[in-house]
Amino acid sequence: MTEAQDLQNLAINTIRFLSADGVQKANSGHPGLPMGTAAIAYTIWTRHLRHNPKNPKWANRDRFVLSGGHGSMLLYSLLHLTGYDLSLEELQNFRQWGSRTPGHPEYGLTPGVETTTGPLGQGFANGVGMAIAEAHLAAEFNRPDHKLIDHYTYALVTDGDLMEGVASEAASLAGHLKLGKLIYMYDDNRITIDGSTDLAFTEDRGKRFEAYGWHVQHVADGNDVEAIDAAIRAAKADPRPSLIICRTHIGFGLPTRQDTSKAHGEPPGDEELNGAKKKLGWPLEPRFYIPDEVLHFYRQAETTGAELENAWNTEFKDYASQNPDLAAELDRRLKGELPKGWEDALPAFPADAKGMATRAASGKVINALAAKIPELVGGSADLAPSNNTWIAGQPDFQSATPEGRNFHFGVREHAMAAIVNGMAYHGGLIPYGATFLVFTDYARPAIRISAISHLQSIWVMTHDSIGLGEDGPTHQPIEHLAALRAIPNLVVLRPADANEVSEAWKVAISRRNGPTLLALSRQAVPTFDRSQVAPANELPRGAYVLTDLGGSLPEIILMATGSEVALVLEAGYQLATRGRSVRVVSMPSWELFEDQPQSYRDQVLPPLTDLRIAVEAGVSMGWERWVGPKGKIMAINHFGASAPARTIYEKFGLTVDEIVRQAYGLLGMVGE
């Protein structure tokens, strides 16, 4: 064996045993993946990955996604070894309180982590979004003599990833789009927690991906660095997305647990770990041992990375001298800055008693903003005409037109959401994804990840209530607003009219530290005469006094969201004609209202006014906080029905007359 081969073996085993030592010290974690895939990771990170450890956000870096996030110690070991700001002490504090090495990788917490992974399949689909973003930005900004955006997205994917439906959805779309900068290494260890993959996963995965339109290769030995390297080079030369199926051994080196389910998610124990070290010629002590020559070898990434970025910066300067406007635009986007005066593009809608559906207003706002914010891109899960998400005059994103800003995600809600997250992770774009509100059930895991990761993903969810009518209970969201409001760091906005829609989009575009979800109506709602009620620019506070009728200190407060605001406003007018003092509150976002000072919340909902009615065409859960013990919640705690929208509202008691009747009861009035 040559000296270079000796160093290579040392470098690979360093990854294995740093990872295993971290799991053992934590007495928690997953040693099997890092020990089995160390050679694959070594090959990617030392022979192919273009990155700068001293600047993890360098725009033209290759992306590496550990989709099997349970193997996080593999990634943490690589980050430490190559010189990222992740100390050995952090590896020793794996899975401990306050460490930057949590059980699954978390974007924004650990330098060099590109995605929050762990729920299997999410990272797979995120990578597709990253490749889409790369292709789009390259088409928009690259010129024949300057390829400023030119990088690959690598991922390490597992059996579990490929079993998940979200990965199948994303793989199908990636193949259709011919995303040739996508290279996925499949850890084919043939073991799951329950045992052999033969228990439940016997299809020919390679043939499946070939059918998707992927370039598929097989590496017989996942420890064969030269074969892995050759496969990656072949993948780079092919115009299709690539899946490289590497036959690996989970827990490689463990004397009794290699190739067994026990290697997956249990600490190996001292005896088993020491046995692996003896078997592979590794010293038993000290734990977390890194040979000097190995650290020196890996830390060359710091010099190489700086050189790569410096060369890119030099090219950018030359590009800027020839294309100053394009360079300024690219620089702005990469910095995450918005165009000056973008808010001026937001439309104002005239008062209209007939009004329009808030989904229709959203479509108009999207197009107005798109003209001013070129990084705004997005699409729908095969519902663009219903969601009103098409950017007029722009092509759709296809392999032949990667400059397109409109996306056909197909009937793939889960993958759509995870791909949108991938675009947001990548940077340079503000992406949105759309479907019916009821189908957030299919997209919820990715929506949740967008909130955990503080991504600026925008969710456009239409057909937000029983107001969609005849399609019936399968398509009428009842519990969905409550379920979405339960997700921390997700701002849910249900605007009441066209001008609130405009302000809701302003929130979504301005909000840089988390996702925003717009719940929009199918049916038309009045556009309020803002000369008679409060301006819509109060919306960013989450709730505001739409109008006070009959006095400054209200006897009763009527509050609602979305399409029900028009109902409580009309009920308020009727009560005022009976001499009652009524406050009408539009409450489009609980989350934004909760963020307001207590003084403002008390101003909108005075504690002394304890007679309150909340109206919303969904479950009542959560409204108790706002109506108090003496209040009334008019909601729908059952599934919907198939009938015209007006009929359903009447049958379920969400009418102006019924709101007035309920108010009479609270006020002690005799109904008419």
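Per an unreviewed UniProt entry, the protein chain is named Transketolase, and its organism is Longilinea arvoryzae. In its Subunit (unreviewed entry) section, the UniProt entry covering the protein chain states "Homodimer." What the UniProt record of the protein chain gives under Catalytic activity (unreviewed entry) is the line "D-sedoheptulose 7-phosphate + D-glyceraldehyde 3-phosphate = aldehydo-D-ribose 5-phosphate + D-xylulose 5-phosphate".

(A) How the structure looks around the overall build of the protein chain. A tally of helices and strands in the protein chain yields 25 helices and 20 strands. Viewed in the frame of its principal axes, the protein chain has a C-alpha envelope of about 95 × 60 × 45 Å. Buried residues in the protein chain amount to 61% of all 672 residues. Put simply, 76% of the contacts in the protein chain that link residues at least 6 apart link residues at least 24 apart. By element, 51% of the accessible surface of the protein chain is carried by carbon and sulfur atoms, the whole surface being about 24800 Å².

(B) Fine view of the packing of aromatic side chains. According to the stated counting rule, one finds 27 aromatic pairs in the structure shown. Judged by centre distance (6.1 Å) and plane angle (65 degrees), the rings of Tyr-76 and Phe-94 are edge-to-face. Remark: Phe-94 occurs in the loop between helix 4 (88-92) and helix 5 (122-141) and Tyr-76 occurs in helix 3 (residues 72-82); sequence separation between them is 18 residues. Every member of this aromatic cluster is reached through a ring pair, and the members are Phe-124, Tyr-184, Phe-209, Tyr-212 and Trp-214. Lying over the aromatic face of Tyr-152, Lys-181 brings its terminal NZ or CZ to 5.5 Å of the ring centre. Above the face of the Tyr-152 ring, Lys-236 is positioned so that its terminal group lies 5.3 Å from the ring centre.

(C) The arrangement of helix 19 (residues 498-510) in detail. In this model, helix 19 (13 residues) spans 19 Å end to end at C-alpha, consistent with the 18 Å of a helix rising 1.5 Å per residue. With respect to burial, helix 19 is a largely interior element, 11 of its 13 residues being buried. Every buried residue of helix 19 is listed here: Ala-498, Asn-499, Glu-500, Val-501, Ser-502, Glu-503, Ala-504, Trp-505, Val-507, Ala-508 and Ile-509.

Scoring rules and cut-offs
Residues numbered from 1 in each chain as written. Predicted model: local features only at pLDDT ≥ 70, side-chain atom pairs only at ≥ 80, totals over all residues. Heavy atoms only, no water. UniProt positions renumbered as here; feature names shortened; annotations may be inferred. Helix = DSSP H or I, 4+ residues; strand = E, 2+ residues; numbered from the N terminus. Buried < 20%, exposed > 50% of the residue type's maximum accessible area, 1.4 Å probe, protein only. Contact = heavy atoms within 4.5 Å. Areas by Shrake-Rupley, 256 points an atom, 1.4 Å probe, with all protein chains shown as cover. Phe/Tyr/Trp six-rings, centres within 6.5 Å; stacked < 30°, edge-to-face > 60°. Lys NZ or Arg CZ within 6 Å of the ring centre and 35° of its normal. Expected span 1.5 Å × (residues − 1).

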